[in-house]
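Listed here are the chains, written in short residue letters.
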Amino acid sequence: MAMAFCFTPSSSSSSAAKFNPHRPIPSLSASPVVHLRLSVSPPSLAHRGRQFRRVLFAAGGGDGGFGGGGYSGCGGGGDHGGESGGEDNAGGKNKVEALMVLKESGRGLESLPKDLSAAIEDGRIPGAVVDKYFELEKNGFFSWLLQFAGFRERLLADDLFLFKVFMECGVGLFTKTAAEYQKRKENFFNELEVVFADVVMAIIADFMLVYLPAPTVSLRPPLALSAGAITKFFHGCPDNAFQIAISGTSYSLFQRIGAVVRNGSKLFVVGTASSLVGTTVTNALINAKKAVGSSAEAEAENVPIVSTSLAYGVYMAVSSNLRYQVLAGVIEQRMLEPLLHQHKLMLSAVCFAVRTGNTFLGSLLWVDYARLIGIQKAH
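So, here's what we can say about the structure. (Residues numbered from 1 in each chain as written. Predicted model: local features only at pLDDT ≥ 70, side-chain atom pairs only at ≥ 80, totals over all residues. Heavy atoms only, no water.)

Of the regular secondary structure elements, the protein holds 13 helices and 0 strands. For the protein, the succession of helices and strands along the chain, N to C, is α-α-α-α-α-α-α-α-α-α-α-α-α. Buried residues in the protein amount to 43% of all 379 residues. Here the contacts in the protein between residues at least 6 apart in sequence split such that 72% fall between residues at least 24 apart. When the accessible surface of the protein is totalled, it reaches about 20,000 Å², and 66% of it is carbon and sulfur. (Helix = DSSP H or I, 4+ residues; strand = E, 2+ residues; numbered from the N terminus. Buried < 20%, exposed > 50% of the residue type's maximum accessible area, 1.4 Å probe, protein only. Contact = heavy atoms within 4.5 Å. Areas by Shrake-Rupley, 256 points an atom, 1.4 Å probe, with all protein chains shown as cover.)

In structure tokens, the structure reads:
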């Protein structure tokens, strides 16, 4: 908005006249005439576009860091005192930006998924998120995935999420087999049944290892007032302990720790279940080989199902959980994406290399851990 002021003194006054206390006060008609001209120009469309397309994730802004804000069970972090005023202002700004994007796109709230529409009404997401939703919607496959709430939250936070899922699962088969060979060397084929169990349960878990710790744009509605304190606490925790909070949202230190605990419990269940499947299939193969095989094959021992499954669940909850939280929230979102966000191809290549190394490292750590606790033995 531009404002212009113009002051025009009357010609009857002299700028050089000296002050005389005995001089009579001039009449109003002889006083200088001041002309005020005010012109207001509306903000340009380009300026408005820059406003709502500003950077979505503000790393150091407000109290979105690790210790910002007090505990608030209903999500977002921050207490209900001095911090709430700032979050209310951010919420109002978010809503205005999101509605501007909708208006420019010729869309209405009724055309959006219910959770996304409710988040816009509550001011929980900025206009950049809505803009990204419309961009993803142009792709037929992404448009189909956006129907599912879990994929919707993750794709809005990271448009490379799907690439990371396919890459992790595809590379997992080769890197885990290579790691098994690196550890077992000449005993690789003698321990082939154990190798098969490791690879099967690892591939089953790979998808969840990418899915659960992935940063998200939370579209979950607030819980009912009758919900318990623990439920409220974990409901307000982020999906990734290190993810950057979007505008209008913050996470306390305890909520970020809660993200590690919550994901760890989920990965324990995933790891235990996948190991049960893998070890059961492996034991079935071993027994089949014993029935028709030679004496050497008959010496193969069954894999202990319960102890192996529980051990793998603990490994997933601790080692895999922490590694993938750091990978997705620190290395990728806080380091690589700000550096290479304008070079998607290079960013994809670097993410591929980093995740491949992480997968290989995980396989090495599992073999050492399994031998350490005695569920696998070196021949």
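What follows is about the side chain of Asn-283. Residue placement: Asn-283 occurs in helix H10 (residues 253–292). The exposure class assigned to Asn-283 is buried, which follows from its relative accessible area of 9%. Within the structure, Asn-283 has its side chain in polar contact with the backbone nitrogen of Val-303 (distance 2.7 Å). (Polar contact = N/O pair within 3.5 Å; in protein donor to acceptor, adjacent residues only side chain to side chain.)

Attention now goes to the packing of helix H7 (residues 161–184) against helix H13 (residues 344–373). Remark: H7 packs on H13, axes separated minimally by 8 Å, with the N-to-C direction vectors making an angle of 40°. Relative to H13, the element H7 lies oblique. In terms of crossing hand, the pair formed by H7 and H13 is right-handed. In the contact of H7 with H13, the residues fall into 11 nonpolar, 7 polar and 9 charged. (Axes fitted to C-alpha atoms, helices over the stretch in contact; angles between N-to-C directions. Parallel < 35°, antiparallel > 145°, perpendicular 65-115°, else oblique. Left-handed = near helix turned anticlockwise from the far one by under 90°. Nonpolar A, V, L, I, M, F, W, Y, C, P; charged D, E, K, R; others polar.)

This paragraph deals with empty space enclosed by the protein. One pass over the structure, following the stated rule, counts 4 cavities of 30 Å³ or more. Approximately 150 Å³ is the volume attributed to the largest cavity. Around the largest cavity sit 19 residues that line it, and Lys-176, Ala-202, Tyr-312, Gly-362 and Ser-363 are the ones nearest its centre. For the lining of the largest cavity, the elements supplying multiple residues, two or more each, are H7, helix H8 (192–211), helix H12 (305–340) and H13. Considered class by class, the residues forming the lining of the largest cavity number 9 nonpolar, 5 polar and 5 charged. Taken as a whole, the second largest cavity holds about 70 Å³ of empty space. Around the second largest cavity, the lining residues are Arg-154, Asp-158, Phe-161, Lys-164, Val-210, Ala-214, Pro-215, Ala-328, Glu-332 and Arg-355. Secondary structure elements with two or more residues in the lining of the second largest cavity: H7 and H12. Grouping the amino acids of the lining of the second largest cavity by side-chain chemistry returns 5 nonpolar, no polar and 5 charged. (1 Å grid on protein atoms, 1.4 Å probe; cavity = no way out; pocket = protein on both sides within 12 Å on 5 of 7 lines; lining within 4 Å. Points joined across faces, edges and corners; volume = space filled by probe spheres on them.)

Counted by the stated rule, this structure contains 15 aromatic pairs. With a centroid separation of 5.2 Å and 90° between ring planes, the pair formed by Phe-188 and Phe-189 is classed as edge-to-face. Residue Phe-188 is classed as buried on the basis of its relative accessible area, which comes to 8%. Aromatic side chains Phe-207 and Tyr-211 sit 5.5 Å apart centroid to centroid with 25° between the ring planes, which places their arrangement in the stacked category. Of this pair, Phe-207 and Tyr-211 both sit in helix H8, 4 residues apart, which is roughly one turn of the helix. (Phe/Tyr/Trp six-rings, centres within 6.5 Å; stacked < 30°, edge-to-face > 60°.)

Time to look at a nonpolar patch on the surface. A surface patch of nonpolar side chains, about 720 Å² in accessible area, is lined by Phe-268, Val-269, Leu-276, Ile-305, Val-306, Leu-310, Val-314, Val-318 and Leu-322. Of all the elements in the fold, those that place two or more residues in the nonpolar patch are H10 and H12. Considering every element that reaches the nonpolar patch, the biggest residue donor is H12, with 6 residues. Residue position: Leu-276 is located in helix H10. (Patch = residues over 30% accessible without salt bridge, like charges linked within 9 Å, V, L, I, M, F, W, Y side chains within 5 Å. Salt bridge = Lys/Arg side-chain N within 4 Å of Asp/Glu carboxyl O.)

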